[in-house]
Amino acid sequence: NNLKKRDTLFSGHNSEWSGSMTMQLQPETLRHLDKLERLNLADNSIWASGGALCHTPNLQSLNLSRNNIVEVSEIGLSGNICQLLHLKSLDLSFNKISSFLPGDLSLFPGLSNLDLRGNHLSVLSLTSLSSLWSLAHLDLNNLAALPPTIFQQSSNLQKVFIQNNSLSLLSPDLFSGLDNLLLLNISRNDISSH
């Protein structure tokens, strides 16, 4: 058993069993796990969390990759009912997310690592990242365009991975203000030398 006391891994690999098999989290599923720090729910064909995450206030890392989440709000933390104030890392990669709205992650004020690659995002709004002041690592792909001011309030970004997109144009001021940026990957796009 490699799991620490404060780690939990539920990975049923439901997508390998049947296309119709899903994991449903009931509101009380994670009750009494208030000390839980790391939760891996990857590869379970989850559509929504049913508010179960409200019982994990000390969660620091949440992996919901390779599920069937269509909207970020479906992870069950919309409104002011519960917050994950300690959440630092959120992996939503390889879901079916088609939109990412400014308020979707407003209840995660300390989020520093966000992985949204492999989703169905094509365009982000100007303020998609506006509530993520602590964001240091961002991974996105399947984008057709990036708003010119998308990173304006993201001065803490250190690593930005926007490779494997169909970006053809980057605004001249897109990365201005990113004084802490250490790594930028924009490979495999359609950007011309102009």
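Everything here concerns the structure above.
What comes next concerns the included structure. Just so you know, the residues in each chain are numbered from 1, in the order the chain's sequence is written. Per-residue local features of the predicted model are confined to residues with pLDDT of at least 70, and side-chain atom pairs are confined, for both listing and counting, to 80 or more; whole-chain, interface and lining totals are unaffected and use all residues. With hydrogens and water stripped out, all remaining heavy atoms of the structure feed into the side-chain values.

### A short note on the nonpolar core
Heads up, the rule is: For this analysis, a nonpolar core means a set of buried residues of the types Ala, Val, Leu, Ile, Met, Phe, Trp, Tyr and Cys, connected via side-chain atoms within 4.5 Å. Relative accessibility decides the category of a residue: with a 1.4 Å probe and only protein chains considered, values under 20% of the type maximum give buried, values over 50% give exposed, and everything between is partly exposed. Every residue pair with non-hydrogen atoms within 4.5 Å of one another is taken to be in contact.
Formed by 42 residues in total, the largest nonpolar core has its most connected members in Leu90, Leu92, Phe100, Leu105, Leu114 and Phe151. Residues in contact with leucine 105, not counting those within four places in the same chain, are Val72, Leu90, Phe100, Leu111, Leu114, Ser131 and Leu132.

### A closer look at the side chain of glutamine 163
Note the following rule: Only DSSP runs of H or I reaching four residues or more are called helices, and only runs of E reaching two or more are called strands; each is numbered from the N terminus.
Mapped onto the elements of the fold, glutamine 163 is located in the loop between β7 (159-161) and β8 (183-185). Here glutamine 163 is in contact with Leu140, Asn141, Asn185, Ile186, Ser187, Arg188 and Asn189, once residues within four sequence places are set aside.

### Describing the environment of threonine 22
Examined against the element boundaries, threonine 22 turns out to sit in the loop between α1 (14-17) and β2 (38-40). As a C-alpha pair, threonine 22 and serine 45 span 23 residues in sequence and 4.7 Å in three-dimensional space.

### Examining the pattern of salt bridges
Inclusion rule: The term salt bridge refers to a side-chain nitrogen of Lys or Arg lying within 4 Å of a carboxyl oxygen of Asp or Glu.
Tallied over the full model, the rule gives four salt bridges. As a salt-bridge pair, arginine 31 and glutamate 28 come within 2.8 Å of each other at their nearest N and O atoms. We classify glutamate 28 as partly exposed; its relative accessible area is 45%. Salt-bridge contacts for arginine 38 lead to glutamate 37; the nearest nitrogen and oxygen are separated by 3.7 Å. Taking the relative accessible area as the measure of exposure, arginine 38 reaches 30% and is therefore partly exposed.

### Brief notes about the packing of aromatic side chains
Basically, it comes down to this: Between the rings of Phe, Tyr and Trp (Trp by its six-membered ring), a pair exists once the centres lie within 6.5 Å; its type follows the angle of the planes, with under 30 degrees stacked, over 60 edge-to-face, and the other angles tilted.
All told, the structure shown has one aromatic pair when counted by the stated rule. Seen from their ring centres, phenylalanine 151 and phenylalanine 175 are 5.9 Å apart, and the 20° between their planes marks the pair as stacked. Of the two residues, phenylalanine 151 is situated in the loop between β6 (137-139) and β7 and phenylalanine 175 in the loop between β7 and β8; the sequence distance between them amounts to 24 residues. Residue phenylalanine 151 is classed as buried on the basis of its relative accessible area, which comes to 1%. Given the relative accessible area of 22%, phenylalanine 175 is considered partly exposed.

### Topic: the side chain of asparagine 67
Stated formally: We call two N or O atoms a polar contact when they sit within 3.5 Å, provided that within protein one can donate a hydrogen and the other can accept it, with sequence-adjacent residues counted only if both atoms are side-chain atoms.
Residue placement: asparagine 67 occurs in the loop between β3 (61-63) and β4 (89-91). A polar contact of 3.0 Å, which involves the side chain of asparagine 67, links it to the backbone oxygen of leucine 41. Among the polar contacts made by the side chain of asparagine 67, one reaches the main-chain carbonyl oxygen of serine 65 at a distance of 3.1 Å. If we ignore the near neighbours within four places in the chain, the residues touching asparagine 67 are Leu41, Ala42, Asp43, Asn44, Ser45, Ile46, Phe94 and Asn95.

### Let's talk about a nonpolar patch on the surface
Definition in use: Patch construction takes residues with relative accessible area above 30% that form no salt bridge. Like charges are linked within 9 Å, and nonpolar side chains (Val, Leu, Ile, Met, Phe, Trp, Tyr) are linked within 5 Å. The protein chains shown are the only cover counted for residues, whose accessible areas, like all others here, come from Shrake-Rupley with a 1.4 Å probe.
Residues Leu184, Ile186 and Ile191 make up a contiguous nonpolar surface patch of roughly 190 Å² in combined accessible area. Structurally, isoleucine 191 is set in the segment after β8. A residue is classified by how much of its surface remains accessible, and isoleucine 191, at 33% relative accessible area, is partly exposed.

### A closer look at unusual backbone geometry
In the Ramachandran plot, histidine 32 falls in the positive-phi region, its phi being about 70° despite a non-glycine side chain. Tracing the backbone through its elements, the reader meets histidine 32 in the loop between α1 and β2. Look at asparagine 142: it is not a glycine, yet its phi comes out positive at around 70°. Note on placement: asparagine 142 falls in the loop between β6 and β7. Of the residues examined, asparagine 142 reaches a relative accessible area of 37% and is grouped as partly exposed.

### Side note on the environment of glutamate 37
Positionally, glutamate 37 belongs in the loop between α1 and β2. Note: C-alpha distance between glutamate 37 and threonine 56 (19 residues apart in sequence) is 7.8 Å.

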